[in-house]
Amino acid sequence: MNGSSSSPANGVVPDVEAGSVKESDDAPGRDVPSDPFDLAHTKNASVATLRKWRQAALVLNASRRFRYTLDFNKDEDNEEKRKMIRAHAQVIRAAMLFKMAGAHGIGLGINVKSSIPSGEYEVGPDQLVSLNRDHNLLALQRYGGVQGLSAMLKTNLETGIDESEFDILKRRKTFGSNTYPHKKGRTFLMFLWEAWQDLTLIILIIASAASLALGIKTEGLKEGWYDGGSITFAVFLVITVTAISDYKQSLQFQNLNEEKRNIQMEITRGGRMVKVSIYDIVVGDIVPLRIGDQVPADGILISGHSLSIDESSMTGESKIVHKDQKQPFLMSGCKVADGVGTMLVTGVGVHTEWGLLMASISEDNGEETPLQVRLNGVATFIGVVGLAVAFAVLGVLLVRYFTGNSRTPEGRIQFIRGTTSVRTVIDDVVKIVTIAVTIVVVAVPEGLPLAVTLTLAYSMRKMMADKALVRRLSACETMGSATTICSDKTGTLTLNEMTVVEAYVGGKKLEPVDDYRELSEMVSSLLFEGIAQNTQGHVYVPRDGGVAEISGSPTEKAILAWAVNLGMKFDVVRSESTVIQIVPFNSQKKRGGVALKRNDSEVYLHWKGAAEIVLASCSRFVDFCGKLHPIDGEKDKLMERINSMAARSLRCISIAYKPLPLESIPVDEECLEKWSLPEDDLVLLAIVGMKDPCRSRVKDAVNVCKEAGVKVRMVTGDNLQTAKAIALESGILDLNADISEPIVIEGTVFRALPDNDREQVAKKIMVMARSSPNDKLLLVQALKRGGDVVAVTGDGTNDAPALHEADIGLAMGIQGTEVAKESSDIIILDDDFASVVKVIRWGRSVYANIQKFIQFQLTVNVAALVINVVVAVSSGDVPLNAVQLLWINLIMDTLGALALATEPPTNHLMHRSPVGRREPLITNIMWRNLIVQAVYQVGVLLILNFKGSTILGLSHETRAHAVVIKDTVIFNAFVLCQIFNEFNARKPDEFNIFSGVTTNHLFMVIVGITFVLQIIIIEFLGKFTSTVRLNWKLWLVSLGIGLVSWPLAVLGKLIPVPDTPLGEYFARPFRRCCRGERTT
């Protein structure tokens, strides 16, 4: 959906639709006229393209048809509001800066609002709002800087606020909650009003009003209101059922939007790291910030290293702002672009610019999906045919009426020039127009494109239970077309539960791995210092001496847990040195470092990262006793150990250090910020191997993908040996398969290939090791150019370009950063590859369900139109009147969509090949099924219409009564045919149409309700529907006619169909004609 406003990370390459499709429709040299409804995907489609298909669509109710498409006007309105709020804040900020500059220039102090106590706190919410909004550095200094402000807010900068519920509630009451008022969703009455906007329904209401007035005037109130009143009631029923269905969909989307906004954050409370909802953050909280995080509230920087913030979401300028003690103010809603830091929360909810912005704009759920656009094209084509038929019927009926060829059920001529009264003529003409308009209602499948929204809303809700949160509607359908998945290893194919199982310290293997007895004090001191300070994790030891709580990434947690077992006292070690500079782990260089100044003024540099990369930067190693030795003679042996661990699917990490002279550290703060930590001449301390077991279901999930024609590729930052081992364990690589290059390749090799070669190599790659995020992006682009529909997983900020570029970006919900999530289409909440496979099932289910609904709806359309047209032309009357057609429309449209568009996915879907993005919506199998059923229904009902009185034994009845009975049987049999055909539509290509039917409770309920209502209509509502009660024999006849559709469907499926789509046979002459005109 379009709720996320943040732009993707730099380097995002626009989606090139022409290079994303494999099907023959894109073959060069094909002269096919531009079709506005032919959109391969809408992920990055231009506004002009989206406007084009809407203008081409035949629409009866635009407000309903385009409800879930992008609202261009609302987007523009929201952007204007954003600009207004930004401009307001920037003007105030500029004025404050000017005032401050002037005060400094003339050497005067500047008056700052003195803090006004608020309850137990020495500063009030108004002062904090002013401080945040104005970015008033002088006011912050007046409060005593961040230290003084934290004291006024009763917050400890190290341990955070108290965890007690009482303290949190008190802060929330004083300073507000981190929520903002959302625009109220549309009420049921608004949906009811929207359903009224259908042009044909308005015409029917007018016609029914005219019929009602004429009927009452002619026949009196007691009998005259039935004709007009019955149509009015039927229209009201259609509108009400439509509004209820639409209202329920909107509630589902609201719930999903709430899930998307509910970001989980790690904060410091009571001295330990706790995970809370962004809504639970209060003023005074201490929040650590890492690359890719969203700033959850307004705040002041406590400390930071190379911290850069992307403020484009608030300022509108795509400029990265460096944050330090000179610029310590952080704005809610911005993203951390680089570095690390810690902030003190000073403003939440509507007391922030972000809160005001989000409260003032309405989130637009609208988004075109490719299937939605294509269905609008189908609906437009059917609608044009339906309109033509309706006008033809109108013309035929009017001509027959005024030429005296129309008769009443009693056999009397309806119109005799000079004899028939004007009132009767008007009444008869109104009835004819009503029939024609009702044919339009049935013929124009207004609900067909909306069936996509219905099935997507249903699928999205169910996918939440399968641990997948859909951010972009179109991703649901596109997953059904996915031909390849580029999956991360850690946390997706593996459990992301790392444990150090092998360690080499001082050149020797520790056995057991946590045996610290042989370590010298110097080695253990350096090791603990390098682990405790060079980490984003944290160790919390309860005061009662309980088990230590360790937080951080899985890799950091594993190393910290190992160090704690070796005897590391985390808080003590950190207190013995001061951090000078931090280089956060970099996915390009595969390492992270920290420069420390000890309390005795000694300076040490610590590096930690990919084992062979850090090892390559080492010139010496330290032994068990703390003595230094040259590493040259040991490097080959150490590499053998690394490769041995990697071959056993262990992740290998090297830990190294380097002493630095104090005078080599820049003194000036600005120079220090630009200082690059030395990366060579390091001293190797330790190499550790961590086991991250494969997920139990991953091998089965990979095999399911293979059977479904989806190729799984692994893209990992780990080394080649580890990648191979995990790929073999997870089933991506077969034991006997060739695992030479390029099937298994390193990112550096792939990156160096020329563009043309890269596309050919990409198709063969199964495993890419030591890859950077840019390598992943290059792989996605190469696969797309080769015609693949690519799904890619990612969790880091640098994965954002690949997630954005892919046809389907899948971000990890647990390990994924907010930047990665906002660049994605779907969030996998449990980071499990098996959940990715479930998303594919749901994607295929969406497409399959829409096809079922199309087959069902077109069968009803074709049969109803043909029957009414043939009878109208031949006899001047129609067997299905306006009220009956409206009831059929309700079955076909709203109820049919509910029954068929909500079928759960089956295993059968995963035994098919991926759905081509330009594969015809109506397949040859569907055409076969549709034609068989429509021909049968039309044939049987036309026979009943012309020979029904004889066949049904109605010769003893009066002519008028016999006609009514015959028409009632036709109507009843037609409806029952649709009820039975709904079962056929469930399984278009399977013989057993009852498979799984009892588990689909909604389908059974809708079919049951439809059948019961049909009985009520026939037996008790004859006055409204112009029908009569049927005896049990005629009910059996009706049921028998409907029941025949089941064995007929089985026989129909024995008819072979050609592989070439039916539309191709009609398109070829047209293309040849176009080419001929061009050559001449």
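Above this note sits the structure.
For clarity, every value in this text was computed on a predicted model and none was experimentally measured.

## Considerations on the packing of aromatic side chains
So, step 1. Throughout the structure, instances matching the rule amount to twelve aromatic pairs.
So, step 2. Judged by centre distance (6.0 Å) and plane angle (55°), the ring pair of F983 and F994 falls under tilted. Highlighted residues: F983 in helix α34 (residues 959-986) and F994 in the loop between α34 and α35 (1001-1020), separated in sequence by eleven residues.
So, step 3. Residue classification places F983 among the buried residues on the basis of a relative accessible area of 10%.
So, step 4. Taking 4.9 Å as the distance between ring centres and 85° as the angle between the ring planes, the aromatic pair formed by F994 and W1046 counts as edge-to-face. A residue pair is termed long-range when its members are at least 10 positions apart, and F994 in the loop between α34 and α35 and W1046 in helix α38 (residues 1045-1052) qualify at 52 residues.

## Digging into the pairing of strand β21 (residues 711-715)
So, step 1. Among the five residues in β21, four count as buried, and that is most of the element.
So, step 2. Two strands pair when backbone bridges link them, and β21 and strand β23 (residues 767-769) are joined in this way by two bridges, in the parallel orientation. Among the inter-strand pairings, V715 is bridged to a residue of β23, identified as M768.

## As for the packing of helix α37 (residues 1032-1043) against α38
So, step 1. Close contact between α37 and α38 brings their axes to 5 Å; oriented N to C, the two are set at 15°. Relative to α38, α37 is oriented roughly parallel. When α37 is examined against α38, the residues I1041, G1042 and L1043 are found in contact with a partner set consisting of S1045, W1046 and P1047.
So, step 2. Tallied by class, the residues present in the contact of α37 with α38 amount to four nonpolar, two polar and no charged.

## Some thoughts on the packing of helix α33 (residues 924-951) against α38
So, step 1. Put simply, α33 and α38 touch, their axes get as near as 10 Å, and they point 140° apart. The angle between the axes of α33 and α38 places the two elements in the oblique class. Like other packed secondary-structure pairs, α33 and α38 cross with a definite hand, here right-handed. Taken together, the residues of α38 that come into contact with α33 (itself represented by R928, V932, Q933 and Y936) are S1045, L1048, A1049 and G1052.
So, step 2. For the contact of α33 with α38, the class distribution of residues is four nonpolar, three polar and one charged.

What counts, and where the lines are drawn
- Residues numbered from 1 in each chain as written.
- Predicted model: local features only at pLDDT ≥ 70, side-chain atom pairs only at ≥ 80, totals over all residues.
- Heavy atoms only, no water.
- Phe/Tyr/Trp six-rings, centres within 6.5 Å; stacked < 30°, edge-to-face > 60°.
- Helix = DSSP H or I, 4+ residues; strand = E, 2+ residues; numbered from the N terminus.
- Buried < 20%, exposed > 50% of the residue type's maximum accessible area, 1.4 Å probe, protein only.
- Pairing = 2+ DSSP bridges.
- Axes fitted to C-alpha atoms, helices over the stretch in contact; angles between N-to-C directions.
- Parallel < 35°, antiparallel > 145°, perpendicular 65-115°, else oblique.
- Contact = heavy atoms within 4.5 Å.
- Nonpolar A, V, L, I, M, F, W, Y, C, P; charged D, E, K, R; others polar.
- Left-handed = near helix turned anticlockwise from the far one by under 90°.

Purely geometric numbers; function is a separate question.
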